[in-house]
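# Remarks on the overall topology
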Amino acid sequence: MEEAFMKRTANCGELRAKDEGKEVILNGWVHRDRNHGALHFINLRDRYGMTQVVVDDDADAELVKRASELKLEYCIAVKGKVRKRPESMVNKEMPTGEIEVKAEKIEILSPSDTLPFMIEDETNAKEDLRLKYRFLDLRSKGMQDRIRLRHEFIKAIRQFFYKTDFYEIETPTLIRSTPEGARDFLVPSRIYPGKFFALPQSPQLYKQLLMVSGFDKYFQIARCYRDEDPRGDRQLEFTQLDLEMSFVTREDILDLMEKLFREVFKKVVNVELPEHFKRLSYHDAMNTYGSDKPDLRFSLEIKDGLPLVDITSFQILKDIKEKNGAVKFLVAPKKEGFDYTRKYLAELEESAKIYGASALYFMKAEDGKLQGGISKFFEGKNDEVLSITGAKTGDVILVIAHENWKKACNSMGAVRSKLGADLNLIKKGFEFCWIIDFPLFEYNEDEGHWEAAHHMFSMPQSEYIETLEEDPGRVKGDLYDLVLNGYEVASGSIRIHDVELQKRIFRICNIPDDMAEERFGFLLNAFRFSPPPHGGIAPGIDRICMIIADQSSIKEVIAYPKNTAAMSPMDESPAEVEQKQLDELSIMIKPKKDEA
Ligand code: ASP
């Protein structure tokens, strides 16, 4: 049978000098077309690479005509012969740079409208335009490389698990609404008017139920949905490696994750990770780095400032100490060519204020003395300050005081992050660390009750179990987060598997027994039938791929992300639906306020 079009016999990335003389057909897109009269140099591109196609000046009239019709991004087929380029024309940057294909025939498979932006390695088109034409944006080398990286990453994860005795099990995406912290996406049921499914925020309860069923070791590359307000670099849907294991302790899960990431990073980016990742308690991470997701690619440490309070006449610091608050200091190091100007210190202060600090105090160390800022409150005590802080000439001592320990830490953490970036302290590479011993509960000031810091199914550490209710704020959980380069990339916990304990946790989180039975009855019911001790974790695939790809937004590693306003400029979703569809679902749309 004759082919409908000139079908490729080679791809655009594979031809080399050894292929000289071969007759080939290439299919691809016109990436560049430089012509000098009848002579054309066409860079033909496909997923595999780029090959130079030449329409020589001896080409017949038909070929010249066809070549003259070509425009950028036309999809074409080229038949021709591979020839070596003259030595002086070899392009070492291109894997196919030793050869070119002398065209004998060109077929236009499909033309293209004028492009909204050029297909470059990395486009500088505005985000909404990129997302509207995502199918074109994805043709760029940057996006092609990142989507390939994501594929390699997921493949390496699966390969790791397929060597173990984990089962890959799918859990439903139409489930009962059991909010886990964020807002659920709801899906109306047509068959049961007025009833709704929810899309899972994670497979949490279903993976726990798999443990009750005895499946022992489960994993899944799971899509999760959270109907959150657009903020930061969040997506309404994202992908997790979700896993759960029975008869394990925290150490088994941490150990498995270290093995997984060592293997995957070696395969995907050829990086040797340490056998064990650093560990910090939540408390130490907050005190030393001002964050529960510290970036350990630079060392700059925050220190306890209370010893300074004992030798100062600065009343604000004294008052904070009096109220059992926290005083933190950090020594911003001298750096050649970098001036700690008033303007820069004001910028640092702004970054601290975002996290609640009312001020960032400073004093400069100069030839064994303190200068400027709050130095006047340390008269006669300069030596002591310099010895407590270790500050040397050119360094700046920064101080934050706050009644609330967490706010003091986080504010100084923001200062630390800004200094790390501005002073160029951040080393290249991947710094993983575990954060453990998190508080189990957080107080929700707005709603006036305790809530789970992670989720309500996490186990309190054993020494707190008896007295949970007395002071929930003190209780530490069997929780762990994995942090990479300053991002939380996984979190997990050992789970509760006891009905009574689970109900006590619900009660502390303001969910009385009847409401717990109504919402989580299926879990509580399962826990009445000999659940095994179990635990798990869920690393975020998008975030880790983003870090490996050295990007600052997860959109860069997702084929079709939503924009920052939580909609898709490409298919214009979310969109209105037909009245008939609403009728079938027995749904009436409330008129907007101004129409009512
Ligand atoms: N389901 C949790 C989450 O999505 C992770 C876990 O505890 O396994 O954050």
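Read on for a plain summary of the structure. (Residues numbered from 1 in each chain as written. Predicted model: local features only at pLDDT ≥ 70, side-chain atom pairs only at ≥ 80, totals over all residues. Heavy atoms only, no water.)

## Some details on the overall build of the protein chain
Helix and strand counts for the protein chain come out as 17 helices and 22 strands. Counting only C-alpha atoms, the protein chain reaches 90 × 75 × 60 Å along its principal axes. Buried residues in the protein chain amount to 49% of all 596 residues. For the protein chain, contacts bridging at least 24 residues in sequence account for 68% of all contacts bridging at least 6. Charged side chains in the protein chain number 87 positive and 103 negative. The centres of these two groups are separated by 2 Å. (Helix = DSSP H or I, 4+ residues; strand = E, 2+ residues; numbered from the N terminus. Buried < 20%, exposed > 50% of the residue type's maximum accessible area, 1.4 Å probe, protein only. Contact = heavy atoms within 4.5 Å. Lys, Arg positive; Asp, Glu negative; His and termini not counted. Charge placed at Lys NZ, Arg CZ, Asp CG, Glu CD.)

## Considerations on the site of the ligand
Residues in close proximity to the ligand include S202, Q204, K207, R226, Q240, H454, H455, S491, G492, R495, I537 and A538, which together make up its full environment. Here a nitrogen atom of the ligand sits 2.7 Å away from a polar atom, N or O, in the side chain of Q204. Measuring from an oxygen atom of the ligand, one finds a side-chain N or O atom of K207 at 2.7 Å. In the complex, 94% of the free accessible area of the ligand, which totals 270 Å², lies under the protein chains. For the shell around the ligand, the elements supplying multiple residues, two or more each, are α5 (204-212), β21 (487-494) and β22 (534-539). (Near = heavy atom within 4 Å. Polar contact = N/O pair within 3.5 Å; in protein donor to acceptor, adjacent residues only side chain to side chain. Areas by Shrake-Rupley, 256 points an atom, 1.4 Å probe, with all protein chains shown as cover.)

## Notes on the packing of aromatic side chains
Summed over all chains, the structure comprises 25 aromatic pairs. Look at F161 and F219: their rings are 4.5 Å apart centre to centre, the planes differ by 15 degrees, and that puts the pair in the stacked class. Of this pair, F161 sits in helix α4 (residues 141-162) while F219 sits in strand β9 (residues 217-225), and the two are 58 residues apart along the sequence. A single burial state applies to F161 and to F219, both of which are buried. Geometrically, the ring pair formed by W434 and Y480 is edge-to-face, given 6.5 Å between the ring centres and 90 degrees between the ring planes. Separated by 46 residues along the polypeptide, W434 in strand β17 (residues 432-436) and Y480 in strand β20 (residues 479-484) bring together distant segments of the chain. Given a relative accessible area of 0%, W434 falls into the buried group. Accessibility expressed as a relative area gives 0% for Y480, which makes it buried. (Phe/Tyr/Trp six-rings, centres within 6.5 Å; stacked < 30°, edge-to-face > 60°.)

## Brief notes about the sheet that holds strand β4 (residues 75-84)
Taken in spatial order, the five strands line up as β1-β2-β3-β5-β4 and close into a barrel, and their pairing is mixed. Direction aside, neighbouring strands of the sheet carry axes that sit 55 degrees apart on average. Where β4 meets strand β5 (residues 99-110), ten bridges bridge the pair, whose relative direction is antiparallel. Following the sheet pairing, A77 is matched in β5 by E107. (Pairing = 2+ DSSP bridges. Axes fitted to C-alpha atoms, helices over the stretch in contact; angles between N-to-C directions.)

## Quick notes on the environment of R47
When you line up the elements, R47 lands in the loop between β2 (39-46) and β3 (49-55). Taking the relative accessible area as the measure of exposure, R47 reaches 63% and is therefore exposed. Sequence separation between R47 and N11 is 36 residues; the distance between their C-alpha atoms is 8.4 Å.

## Notes on a nonpolar patch on the surface
Together, F135, Y560 and M570 give the surface a local cluster of nonpolar side chains, amounting to about 310 Å² of exposed area. Position of F135 relative to the elements: it lies in helix α3 (residues 134-137). Overall, the relative accessible area of 45% leaves F135 in the partly exposed class. (Patch = residues over 30% accessible without salt bridge, like charges linked within 9 Å, V, L, I, M, F, W, Y side chains within 5 Å. Salt bridge = Lys/Arg side-chain N within 4 Å of Asp/Glu carboxyl O.)

## Details of the nonpolar core
F153, F161, L243, F261 and F265 are the most contacted members of the largest nonpolar core, which has 83 residues in total. Looking at this core, the element that brings in the most residues is helix α6 (residues 250-269), giving nine residues. (Core = buried A, V, L, I, M, F, W, Y, C linked by side-chain atoms within 4.5 Å.)

## Quick look at the environment of C545
Within the secondary structure layout, C545 lies in helix α16 (residues 541-548). Under the relative-accessibility criterion, C545 is labelled buried at 0%. Considered as a pair, C545 and H151 are 394 residues apart in the sequence and their alpha carbons are 9.7 Å apart. If we ignore the near neighbours within four places in the chain, the residues touching C545 are L149, R150, F153 and V557.

## A word on the packing of helix α7 (residues 282-289) against helix α12 (residues 405-422)
Running from N to C, α7 and α12 point in directions that differ by 55 degrees, and their axes come no closer than 7 Å. Between α7 and α12, the angle is such that the two are oblique. Contacts from Y282, H283, M286, N287 and Y289 in α7 reach W405, K406, C409, N410, G413 and R416 in α12. Broken down by class, the residue content of the contact of α7 with α12 amounts to five nonpolar, four polar and two charged. (Parallel < 35°, antiparallel > 145°, perpendicular 65-115°, else oblique. Nonpolar A, V, L, I, M, F, W, Y, C, P; charged D, E, K, R; others polar.)

## Some details on the sheet that holds strand β15 (residues 369-371)
Reading across the sheet, the five strands line up as β12-β13-β16-β14-β15 and stay open at both edges, with antiparallel pairing between neighbours. Among the strands making up the open sheet, the edge pair consists of β12 (302-304) and β15. Along the sheet, successive strands turn relative to each other by an average axial angle of 30 degrees, direction set aside. Two strands pair when backbone bridges link them, and strand β14 (residues 361-366) and strand β16 (residues 396-402) are joined in this way by four bridges, in the antiparallel orientation. What sits directly across from K364, in β16, is V396. Docked against the sheet, α12 engages β12, β13 (326-332) and β16, running at close to 10 degrees with respect to β13.

## Topic: α4
Relative to the 32 Å expected for 22 residues at 1.5 Å per residue, α4 spans 31 Å between its end C-alpha atoms, a close match to the ideal helical length. Those residues of α4 that fall on the buried side of the exposure criterion are G142, M143, R146, L149, R150, F153, I154, A156, I157, F160 and F161. Seen along its axis, α4 keeps its buried residues to an arc of 155 degrees; they face one direction. (Expected span 1.5 Å × (residues − 1). Arc of directions from axis to C-beta.)

## Here's the deal with α6
Since the α-helix advances by 3.6 residues per turn, residues separated by three or four positions end up pointing in the same direction. End to end, α6 covers 28 Å across 20 residues, agreeing with the expected 28 Å (1.5 Å per residue, within 8%). Listed in full, the buried residues belonging to α6 are R250, I253, L254, L256, M257, E258, L260, F261, V264, F265 and V268. Two residues or fewer past α6, N270 is found with a positive phi of approximately 55 degrees.

Such coordinate-based values are descriptive only and should not be taken to indicate function.
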